[in-house]
Amino acid sequence: MYLRAMCLTLSTWLFATATAPQSARAEDSSSATSSGVRSSESLRITDVAGEFISFWDKTKNLPDQERVKLFMIEIASKAPDLYENTLFSYCRNVLHADLNKRIAEQLTAFPMIRNRYEQVYAELSKSMTHYLNRFKGHFSDFRSDDVDVYIAHSLGGANGAANLVHNRTLFYLGVDMIAIHNDYSNQEPFFDHEFFHVYHIQKYKLNNHFYSQLWMEGLATYVAKDLNPEATNAELMMNDDLIARTNKVLPQLIPEVANNLETLDTDGKLRFKYFNIESKDNKIPPRAGYYIGYLILQQIAKNTTIAEMTEWQEEKIVPAMRNALKTLARTNQIDLLPSPTFQLK
């Protein structure tokens, strides 16, 4: 449960902290093809996921304290923007957890996912260019030259997440979380969702208001569904149970969402209630925000295009979301993820 919870909360936290100052990014390194820094289709890729396997094998008989120390030296130091400034910062400042203990726990748990991890890692090296080129075929102004990609064991962080670091986009794929949670053969909706976050950050001014999280996740989910009309709910990272439970309480949630749209969610309490799998709220199903965001975007998209919505900022987003929520409040029946018509100009 912890692994899944951290996976789904870190990605929401990243958007909320995207404008925070970060330290200098990782230096180039000249390691083997299983790790290091390389370029692919103008993407700068730092890959430490393969090296993690070798590191685990080499240190498996050492005491936890020594393994953690070596992890910091041999793995984390090669990707400081990812580990120190993103994953470790989340652990300290949001989870308020013991970082060394957390790393030791992840090292201990690795054998349980190793076979799938190695499979995912091998597939990523073959499929990354395919997924990127497919996405760029729909969004030709995607700027891959200012994106830094990290392929890594995320220590239970996320299967995919994006953040701004010094006016560049840090995008990482957590091989461990993909291995645990992406238990379906069609990965294209997942990559379309994640690449759209990267693309959207290039156009949208991130902020800590509650509407911003709903907007970003709703639009990314809408785009993933739009590009993959036959995708299952699970492939869109919203399973049938989540949708059914949210639909049951949607009439009660709509007024609360509307009232909180412009709330400054600095402490992350609203994000936790609506986007965190570990939320224990007695009214809001865990992760209901993803589905509500999708429904809002579905309504807005009836009168505009994805290309236009991608460019929108607060002055257009908030009124459109309010109108969409009013429409949803008047709707007696909500279809289960109907397929939108894709219009990209």
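Residues numbered from 1 in each chain as written. Predicted model: local features only at pLDDT ≥ 70, side-chain atom pairs only at ≥ 80, totals over all residues. Heavy atoms only, no water.

### Notes on the overall build of the protein chain
In terms of helices and strands, the protein chain carries 14 helices and five strands. By the burial criterion, 59% of the 345 residues in the protein chain qualify as buried. Intrachain contacts of the protein chain at a sequence separation of at least 6 include 72% that bridge at least 24 residues. Just so you have it, the protein chain exposes about 14700 Å², and 49% of that area is on carbon and sulfur atoms. (Helix = DSSP H or I, 4+ residues; strand = E, 2+ residues; numbered from the N terminus. Buried < 20%, exposed > 50% of the residue type's maximum accessible area, 1.4 Å probe, protein only. Contact = heavy atoms within 4.5 Å. Areas by Shrake-Rupley, 256 points an atom, 1.4 Å probe, with all protein chains shown as cover.)

### A word on the pairing of strand E5 (residues 168-174)
The buried fraction of E5 is high, at six of seven residues. Judged from the six bridges that link them, strand E4 (residues 160-165) and E5 form a sheet pairing that is antiparallel. Opposite Ala-162, over in E5, you have Phe-171 as the bridge partner. If you look at the hairpin formed by E4 and E5, you'll find two residues sitting between the two strands, and His-166 has a positive phi there, around 50°. (Pairing = 2+ DSSP bridges.)

### Some details on helix H14 (residues 314-330)
An α-helical segment advances 3.6 residues per turn. Residues three or four places apart therefore align on the same side. In this model, H14 (17 residues) spans 24 Å end to end at C-alpha, consistent with the 24 Å of a helix rising 1.5 Å per residue. Those residues of H14 that fall on the buried side of the exposure criterion are Ile-317, Val-318, Ala-320, Met-321, Ala-324, Leu-325 and Leu-328. (Expected span 1.5 Å × (residues − 1).)

### Examining the nonpolar core
Core analysis: the largest hydrophobic core is formed by 107 residues, its most contacted members being Phe-71, Tyr-83, Trp-215 and Ile-296. For this core, the element with the most residues is helix H9 (residues 210-227), which contributes 10 residues. Contacts of Tyr-83, omitting those with residues within four sequence positions, involve Val-48, Phe-71, Ile-75, Ala-76, Phe-88, Ser-89, Ala-152, His-153 and Leu-155. (Core = buried A, V, L, I, M, F, W, Y, C linked by side-chain atoms within 4.5 Å.)

### Here's the deal with the confidence of the model for the protein chain
Chain-level statistics for the protein chain give a pLDDT mean of 84 and a share of 83% at 70 or above. Taking the mean pLDDT of every element in the protein chain, the minimum, 41, falls on helix H1 (residues 2-16) and the maximum, 98, on helix H3 (residues 64-74). Note on residues 332-345: pLDDT under 50 across the span, and 39 contacts to partners over four residues away in sequence or across chains. (pLDDT = per-residue confidence, 0-100.)

### What to know about the side chain of Ser-212
By the element assignment, Ser-212 lies in helix H9. The exposure class assigned to Ser-212 is buried, which follows from its relative accessible area of 2%. The contacts of Ser-212, once residues within four sequence positions are left out, are Tyr-204 and Asn-207.

### Looking at the packing of helix H2 (residues 49-59) against helix H6 (residues 114-138)
Between H2 and H6, the shortest axis-to-axis distance is 10 Å and the interhelical angle comes to 150°. Taken together, the axes of H2 and H6 lie roughly antiparallel to each other. Every pair of crossing elements has a handedness; the one defined by H2 and H6 is left-handed. Along the contact surface, H2 presents Ala-49, Gly-50, Phe-52, Ile-53, Trp-56 and Asp-57, while H6 presents Arg-114, Tyr-117, Glu-118 and Tyr-121. (Axes fitted to C-alpha atoms, helices over the stretch in contact; angles between N-to-C directions. Parallel < 35°, antiparallel > 145°, perpendicular 65-115°, else oblique. Left-handed = near helix turned anticlockwise from the far one by under 90°.)

### A look at the pattern of salt bridges
Summed over the entire model, instances satisfying the criterion amount to 18 salt bridges. Between Glu-74 and Lys-58 there is a salt bridge whose closest N-O contact spans 2.7 Å. On the criterion of sequence distance, the pair formed by Glu-74 in helix H3 and Lys-58 in helix H2 is long-range, its members being 16 residues apart. One salt bridge in this structure joins Arg-168 and Asp-148, with 2.8 Å as the shortest N-O distance. You can see Arg-168 sitting in strand E5 and its partner Asp-148 sitting in strand E3 (residues 147-152), a full 20 residues away along the chain. For Arg-168, a relative accessible area of 23% gives the class partly exposed. A relative accessible area of 1% means that Asp-148 is categorised as buried. Connected via shared salt-bridge partners are Arg-44, Asp-148 and Arg-168. (Salt bridge = Lys/Arg side-chain N within 4 Å of Asp/Glu carboxyl O.)

### Details of unusual backbone geometry
A positive phi is found at Leu-155, a non-glycine position, where the angle reads about 60°. By the secondary structure assignment, Leu-155 is in the loop between E3 and E4. Classification of Leu-155 as buried rests on a relative accessible area of 6%. Despite not being glycine, Met-237 has its phi angle at roughly 65°, a positive value. One can find Met-237 in the loop between H9 and helix H10 (240-260). Residue classification places Met-237 among the buried residues on the basis of a relative accessible area of 18%.

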